[in-house]
Amino acid sequence: KNGTILVVGGAGYIGSHMVRQLLAARYDVVILDNLSTGNRKLVPGGELVPGSLGDAEVLDRLFAGHDFDAVMHFAAFSQVGQSVNQPLVYYRNNLAETLTLLEAMVRHDVRRFIFSSTAAVYGEPTAIPITEDHPCLPTNPYGNTKLAVERLLADCDAAYGLKHTVLRYFNAAGADDAGDIGELHDPETHLIPIVLQAASGLIDHIRVFGTDYATTDGTCVRDYVHVNDLARAHLLALDALMQGADSATYNLGSSNGYSVNEVIAAARSVTGKEIPVVTGPRRPGDPAILVASSEKIKHALGWKPAYASLRTIIRTAWNWHLKQAH
Ligand code: UFG
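From a predicted model like this one, the values you see are computed outputs, not experimental measurements. (Residues numbered from 1 in each chain as written. Predicted model: local features only at pLDDT ≥ 70, side-chain atom pairs only at ≥ 80, totals over all residues.)

**Q** Would you mind showing me how to read the domain arrangement of the protein here?
**A** Interface size is commonly expressed as the accessible surface area that is lost when the partners come together. Here the protein is described as being made up of domain 1 (4-173 + 223-252) and domain 2 (191-222 + 255-325). The interface of domain 1 with domain 2 comprises 31 residues on the first partner and 27 residues on the second. Of all elements in the fold, only α3 (80-85), β7 (171-173), β10 (224-226), α7 (227-242) and β11 (248-252) reach the threshold of two or more residues within the side of domain 1 that touches domain 2. At seven residues, the largest contribution of residues to the side of domain 1 that touches domain 2 is made by α7. Grouping the constituent residues of the side of domain 1 that touches domain 2 by class yields 18 nonpolar, eight polar and five charged. (Domains from an automatic or database assignment. Contact = placed C-beta atoms within 7 Å. Helix = DSSP H or I, 4+ residues; strand = E, 2+ residues; numbered from the N terminus. Nonpolar A, V, L, I, M, F, W, Y, C, P; charged D, E, K, R; others polar.)

**Q** Honestly, the packing of helix α2 (residues 56-65) against helix α4 (residues 87-107) in this entry has me stumped. Any pointers?
**A** The geometry of a pair of packed helices is captured by two quantities: the angle between their axes and the separation between those axes. Contact geometry for α2 and α4: axes closest at 10 Å, N-to-C directions at 35°. In the crossing of α2 with α4, the sense of the turn from one axis to the other is right-handed. Contact with α2, carried on its side by Ala56, Leu59, Asp60 and Phe63, involves Thr100, Leu101 and Ala104 of α4 and no other residues of that element. A breakdown of the residues in the contact of α2 with α4 according to their chemical character gives five nonpolar, one polar and one charged. (Axes fitted to C-alpha atoms, helices over the stretch in contact; angles between N-to-C directions. Left-handed = near helix turned anticlockwise from the far one by under 90°.)

**Q** Please clarify how the site of the ligand should be interpreted in this entry.
**A** The environment of the ligand is formed by 21 residues, the closest being Ala119, Ala120, Leu191, Phe209 and Cys220. Per-class residue counts for the shell around the ligand are 12 nonpolar, five polar and four charged. Three or more residues apiece are contributed to the shell around the ligand by two domains, here domain 1 (4-173 + 223-252) and domain 2 (191-222 + 255-325). (Near = placed C-beta within 6 Å.)

Next comes the structure, spelled out in structure tokens:
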């Protein structure tokens, strides 16, 4: 065995893909998940402990019972719009509960941490592609909570030697090729799964939020990165931390930007379905363009997305979608 990893939020969309890769890489995996947005049926193996990362007693029992080499944290709320309306819920879940987790780690002398952060920490970018040294000025509570944890981690490194990797995801998408785990949100707010719902007739149409952005076709441009590529980056970060690497912050994106219209066109081509579209007003808080530079992690850890094309990413999501429907 290579080690024992605590995956908080391992029953969620990205966490479940992580668990699968850790098991394949011969790590023992313990999953802590309160199943609020996660789902038992997404857990591909490992030991599932239902419970909250904000519960110090649960954490003390977990840490006393296992000799964890590292902790990965996927258990956050991630809807920008919801965070604007319910900031207290977001600060409680994403910041306060993470604080409780870090306290337990320090108490039990576990000092390797991999944190799921977001492009939302950058706010409205002033330069594209976005590099890690771009100013962090989030424009919503969700981004504020993630940036607050990033700063907390830097302080914990300085004070307690808590070594961490911060991974700033751009737009996570796709599903494992096996088709048995994938994106399962209720309600679904993300573009690709909604487009696929429209492709299969589960919903009448996809609504495009804004067609007057300063982009090539007027719709927002995003950087879609396959969920297995995200998980793979965590594995590389874990290896580096196990070998004594210092704390670091990396973007995770494909470095390619696609507009909402381009995503819909690619989905039509992959699915062979019509996909009815209606246009609507802008969704508050959406930056026009978010595209990552992922050069830093390529150089430091040798990470390279294996699912490089948008069509491939959509094909894996469609595969999952079809298997869900049956
Ligand atoms: N969109 C539509 N119609 C829809 C859904 C989305 O037009 O029904 C558009 C959005 O306006 C946006 C794009 O599709 O322009 C992508 O939207 P998503 O909701 O899929 O993703 P976001 O870019 O808004 O957000 C994602 C994560 C956030 C994270 C952000 C960082 O969900 O948690 O990426 O880049 F902060």
